[in-house]
Amino acid sequence: MSIAIISAIVAYSSSSIETEKSDVRTHGTVSTTMGSSIMGNPSASITIVEFGDYQCHQCYNWFHNTKSSVFQNYVDTGKANFVFMDLAFLGKDSPKAAQASYCAEDQGKYWEYHNQLYTAQESEIDNGWANPERLKVFAFSLGLDIELFESCLDSGKYTKRVQYNIAEAKKLGASGTPTFFIVGPDGQQQKIVGAQPYSVFKQILDSMI
Amino acid sequence: MVQTLRLVFSNRFYIVLSSVIFTFMLIGLLVISEYIFFEPYLIGHIPQGTEFGFVLIVILSVLPAVVFPMNIYRINILKKSKGKMSGSVFGSFIGSVAGACSCGPVGFTVITTFGSVGVTALTFLTNFELPIRIGAIALLAFTYYTTVKSLKIECNIRY
């Protein structure tokens, strides 16, 4: 009886995730199906997968200190592409912020919203900077259809998507944010834990090109 | 203050102890706060905007490295004085003076030294990383002040 109930729950969960995003996408051992869209050249031989939390201060540090150099030299030049996955665990507003980014994606502004969150981040976790009201204000400031955004966020449309990403992070042994997986052309994979400097990324990426 | 430091650190044992504490504290806190990484390569960096946190870590590593050996020195002095004074008519008098001059609560000093360090090490996930570090520094600075004072006024006079 209990097995049947569990199976039914699992089947329901799987089907509801599938209805939200149907294309299966894998980079090395990382299933990025439920992550962000691919930033950069989709056919690039290297993929950088970041597991992050919008309330994580080290993610903020990486976003502001290292990301631009990595993008300038590898993503913008087509050598690598980038996918963001949610490991939203630091506070109660973290999963909601991650869900909001996918609501923005519905309107074609995932990366703008992603950037907005990492620009607006405040040092104190759950101090209200990423509460649902503020998330709607960010959407409004980006010119999104606020009614659509609100209905998406309030309905919890992407709750399971974010949960899936968190489960994927745990499965891969990512216990903190940011954690990066750099997947090379021959399936070689390198894990980088923490907001490490550009020189580390350069060394790994150059060794894979 | 300088005389007290000279008094303690004239002994090589306390210099070695201080160096070990400083090194472990500094490396430990820098790793926890992601200024140093061991994997995939050994690398250290100070990201823009985190300079203040780095300075606090350095201060937080220096203070226990000074305060802890000084308190070990105090404990050794107390042990010696107890040995010398045992059976002496002055024993109880000296004991009461020691308590009054704060040579007594050495245990509290040690607890605060380790406690603040422990708390600081654990705060990297909290909202109050910097305020707690500042609080720990204030606590250690106070401990340093009371240690220097007691070594200078009471223990130093005795020896």
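Anything mentioned here points back to the structure above.
Residues numbered from 1 in each chain as written. Chains lettered and ligands numbered in written order. Predicted model: local features only at pLDDT ≥ 70, side-chain atom pairs only at ≥ 80, totals over all residues. Heavy atoms only, no water.

K.L.:
Can you help me understand the packing of aromatic side chains in this one?
P.N.:
Geometry of an aromatic ring pair is reported as the spacing of the ring centres plus the angle between the planes. Residues and elements named next belong to chain A. Under the counting rule described, the total for this entry stands at 19 aromatic pairs over all chains. Members of the aromatic cluster, connected to one another through ring pairs, are Trp62, Phe71, Phe82, Tyr102, Tyr110, Trp111, Tyr158, Phe180 and Phe201. The residue whose ring lies beneath Lys67 is Phe71, and the NZ or CZ to ring-centre distance is 4.9 Å. Geometry around Tyr102 places Arg161 over its ring, the cationic atom sitting 3.7 Å from the centre. (Phe/Tyr/Trp six-rings, centres within 6.5 Å; stacked < 30°, edge-to-face > 60°. Lys NZ or Arg CZ within 6 Å of the ring centre and 35° of its normal.)

K.L.:
Just to check I follow, could you spell out the sheet that holds strand β6 (residues 179-183) of chain A for this structure?
P.N.:
Where strands meet in a sheet, backbone hydrogen bonds hold them as pairs that are either parallel or antiparallel. Residues and elements named next belong to chain A. The five strands are arranged β3-β5-β4-β6-β7 in an open sheet whose pairing can be described as mixed. If you trace the sheet from one side to the other, it starts and ends with β3 (39-40) and β7 (189-193), each paired once. Summarising the sheet, strand β4 (residues 46-52) and strand β5 (residues 80-86) pair through seven bridges and their orientation is parallel. Along β5, the bridge assignment pairs Ile46 with Ala80. Relative to the sheet, helix α8 (residues 159-171) contacts β4 and β5, its axis offset from that of β5 by approximately 105°. (Pairing = 2+ DSSP bridges. Helix = DSSP H or I, 4+ residues; strand = E, 2+ residues; numbered from the N terminus. Contact = heavy atoms within 4.5 Å. Axes fitted to C-alpha atoms, helices over the stretch in contact; angles between N-to-C directions.)

K.L.:
So what exactly am I meant to see when it comes to α8(A) here?
P.N.:
Residues lying three or four places apart along an α-helix face the same way, a consequence of the helix completing one turn every 3.6 residues. Residues and elements named next belong to chain A. Between its first and last C-alpha, α8 extends 18 Å over 13 residues, near the 18 Å set by a 1.5 Å rise per residue. Those residues of α8 that sit buried are Arg161, Val162, Asn165, Ile166, Glu168 and Ala169. Along the long axis of α8, the arc covered by the buried residues comes to 160°, so they all point the same way. More than 90 degrees from the buried face of α8, the exposed residues found are Lys170 and Lys171. Just downstream of α8 lies Gly173, where phi reads positive at about 85°. (Expected span 1.5 Å × (residues − 1). Buried < 20%, exposed > 50% of the residue type's maximum accessible area, 1.4 Å probe, protein only. Arc of directions from axis to C-beta.)

K.L.:
Honestly, the interface of chain A and chain B in this entry has me stumped. Any pointers?
P.N.:
Buried accessible area, meaning the area lost when the parts come together, often serves as the stated size of an interface. Taken together, the contact pairs 17 residues of chain A with 14 residues of chain B. For the pair chain A and chain B, the two sides together bury roughly 1,300 Å², of which 55% comes from carbon and sulfur. Its largest share of buried area at the contact with chain B, chain A owes to A:Asn65, A:Gln196 and A:Pro197, together 29% of the area lost on that side. In this assembly, chain A and chain B are joined by zero salt bridges. Taken together, chain A and chain B are joined by four residue pairs in polar contact (both at pLDDT 80 or more). Of all the secondary-structure elements, those providing two or more residues to the side of chain A that touches chain B are α2 (57-65), β7 and α9 (198-208) of chain A. (Buried area = accessible area lost by both parts, 1.4 Å probe. Salt bridge = Lys/Arg side-chain N within 4 Å of Asp/Glu carboxyl O. Polar contact = N/O pair within 3.5 Å; in protein donor to acceptor, adjacent residues only side chain to side chain.)

K.L.:
Sorry, what's going on with unusual backbone geometry here?
P.N.:
Both trends apply: most residues other than glycine have a negative phi, and most peptide bonds are in trans. The residue after A:Thr177, namely A:Pro178, is reached through a cis peptide bond having omega -5°. Position of A:Pro178 relative to the elements: it lies in the loop between α8 and β6. Cis rather than trans, the peptide bond between B:Glu39 and B:Pro40 has omega equal to -5°. Its location among the elements puts B:Pro40 in the loop between β1 (36-37) and β2 (43-44). One non-glycine residue, A:Asp126, adopts positive backbone phi at about 60°. In this structure, B:Glu34 is a non-glycine residue whose phi angle is positive, near 60°.

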